[in-house]
Amino acid sequence: MTRRPSRLEAWPRPFDPHVELDWGDPIVNRRLLREHLDQTHDGASRRLRVIDKQVRRLLRLLPRPPAHVLDAACGPGLYSVRLAAAGHHVTALDVGPAVVAHARRLARQDGVDGLVDARVADLRDLADVTEYDAAVLIYHVLEAFPRRDQPAVLRRLASSLRDGAPLIVEMRLRPDQPDGRVSSWEVVRGSLLSDRRHLLLVETVHDRSANTYVLRETAVFDDGSTAVQQTSSALTRLGALPSLFARGGFAVDAIYDGWTRFRATDLSDTVLVVARRRHRLAMVPPVS
Ligand SMILES: C[S@@+](CC[C@H](N)C(=O)[O-])C[C@H]1O[C@@H](n2cnc3c(N)ncnc32)[C@H](O)[C@@H]1O
């Protein structure tokens, strides 16, 4: 979104529709794919050696292969193809066309295209009637929806899982910065905002009382024009996770400290929530 500097909000407003990143925009998504695959950072997706390790952990938490697994918000399919290589049938869904195309290419390249069905889909209006045996939602996706939308996203996932099926969600509980703003700038050859060389101003704002986190990036070009975009997160505290998942139709089995085998504590910055889709009958109020 192009803006005159004087029109920028002094402090980024979480989920500001004028500047919030549109993950499904084809141009932005093409630039995002570059970030997903970049092996010099763990930005949009983790580096492959980290993913290999995380997939080993997922395989211990998922049903034994072959199961039908939904990789929700799959990005470029880096987890999907590894789960397929372990023998699972994977449906890989993402709102970004470039990342989904990459997931398909990767599956072909790895010889698991018969086991990976990668499609463009928006988790906000998922209408998949398949009853998957399990689902994963990896790398801080749930909290990227506004707080009021998060139970509905979980309910969509619940409706595409069979009764009792596990859902594994990786969530960030707090950012690695104190309350307030941290900012920096650098000259870059390109970013999510442009393929041209520009000055990139980066601000991250943690509002502890609202429990939100915003990353705002502003590109300044040679002619003085600017472009701005942001990604927001509505975070949930550890103790409130069971009720968030219950509103989404799940019972929480375990919450781990990040990708470790240890239970989460109040000191955990990120968690892996293992929840189970509640039985449909148990969700119907008893007849009196
Ligand atoms: C941080 S990336 C994680 C991707 C992948 N899970 C991984 O770890 O490699 C977040 C992903 O969520 C996807 N996404 C964001 N909003 C979405 C939505 N409403 N429906 C489907 N996918 C969405 C983005 O396109 C992006 O690929």
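Draft legend 1. Broad picture of the sheet that holds strand β2 (residues 68–72). Strand order in the open sheet formed by seven strands is β4-β3-β2-β5-β6-β12-β11, with mixed pairing between adjacent strands. Every interior strand has two partners, whereas the edge strands, β4 (116–120) and β11 (250–257), have only one. Sheet twist, expressed as the average angle between the axes of neighbouring strands with direction ignored, equals 20°. Sheet topology places β2 next to strand β5 (residues 134–137); four bridges connect them, and they run parallel. In the sheet register, Val69 faces β5, and the bridge partner there is Ala134.

Draft legend 2. Representation of the domain arrangement of the protein chain. Looking at the assigned domains, one finds that the protein chain contains domain 1 (2–19 + 175–234) and domain 2 (48–174 + 235–283). Between domain 1 and domain 2, the contact holds 12 residues from the first and 12 residues from the second. Buried surface at the junction of domain 1 and domain 2, summed over both partners, amounts to about 930 Å²; 48% is from carbon and sulfur atoms. In terms of surface lost to domain 2, no three residues of domain 1 exceed Pro175, Asn211 and Ala234, which account for 57% of the buried area on that side. Where domain 1 touches domain 2, the interface holds zero salt bridges. Remark: the boundary between domain 1 and domain 2 carries six residue pairs in polar contact (both at pLDDT 80 or more). Of all elements in the fold, only β9 (212–220) and β10 (226–234) reach the threshold of two or more residues within the side of domain 1 that touches domain 2. Among the residues forming the side of domain 1 that touches domain 2, the class breakdown is five nonpolar, five polar and two charged.

Draft legend 3. Inspection of the pattern of salt bridges at higher detail. A complete count under the given rule lists 19 salt bridges for this structure. Among the ionic pairs, Asp42 bridges to Arg47, the shortest N-O distance being 3.1 Å. Of the charged contacts in the structure, one is a salt bridge between Asp269 and Arg174, with a shortest N-O distance of 2.9 Å. Of this pair, Asp269 sits in the loop between β11 and β12 (270–277) while Arg174 is found in the loop between β6 (166–172) and β7 (180–188), placing the two residues 95 residues apart along the sequence.

Draft legend 4. Examining the packing of helix α1 (residues 26–37) against helix α4 (residues 97–109) more closely. Look at α1 against α4: their axes get within 7 Å of each other, and the N-to-C directions meet at 50°. Classified by the angle between their axes, α1 and α4 sit oblique to one another. Only Pro97, Ala98, Val99, His102 and Arg105 of α4 make contact with α1, whose side of the interface consists of Pro26, Asn29, Arg30, Leu33, His36 and Leu37. Of the residues assigned to the contact of α1 with α4, the class counts are six nonpolar, three polar and two charged.

Draft legend 5. Inspection of α1 at higher detail. Its 12 residues give α1 an end-to-end C-alpha distance of 17 Å, which sits within 8% of 16 Å, the value for a rise of 1.5 Å per residue. Within the sequence span of α1, burial applies to Val28, Asn29, Arg31, Leu32, Leu33 and His36. Looking at the packing, one finds that the buried side of α1 touches α3 (78–85) and α4. For α1, the side-chain oxygen to backbone nitrogen distance between the N-cap and Ile27 is 2.9 Å, and the N-cap itself is Asp25.

Draft legend 6. A look at the packing of aromatic side chains. According to the stated counting rule, one finds zero aromatic pairs in the structure shown. The ring of Phe262 carries the charged tip of Arg261 above its face, separated from the ring centre by 6.0 Å.

Each value, and the rule that gives it
- Residues numbered from 1 in each chain as written.
- Predicted model: local features only at pLDDT ≥ 70, side-chain atom pairs only at ≥ 80, totals over all residues.
- Heavy atoms only, no water.
- Pairing = 2+ DSSP bridges.
- Helix = DSSP H or I, 4+ residues; strand = E, 2+ residues; numbered from the N terminus.
- Axes fitted to C-alpha atoms, helices over the stretch in contact; angles between N-to-C directions.
- Domains from an automatic or database assignment.
- Contact = heavy atoms within 4.5 Å.
- Buried area = accessible area lost by both parts, 1.4 Å probe.
- Salt bridge = Lys/Arg side-chain N within 4 Å of Asp/Glu carboxyl O.
- Polar contact = N/O pair within 3.5 Å; in protein donor to acceptor, adjacent residues only side chain to side chain.
- Nonpolar A, V, L, I, M, F, W, Y, C, P; charged D, E, K, R; others polar.
- Parallel < 35°, antiparallel > 145°, perpendicular 65-115°, else oblique.
- Expected span 1.5 Å × (residues − 1).
- Buried < 20%, exposed > 50% of the residue type's maximum accessible area, 1.4 Å probe, protein only.
- Phe/Tyr/Trp six-rings, centres within 6.5 Å; stacked < 30°, edge-to-face > 60°.
- Lys NZ or Arg CZ within 6 Å of the ring centre and 35° of its normal.

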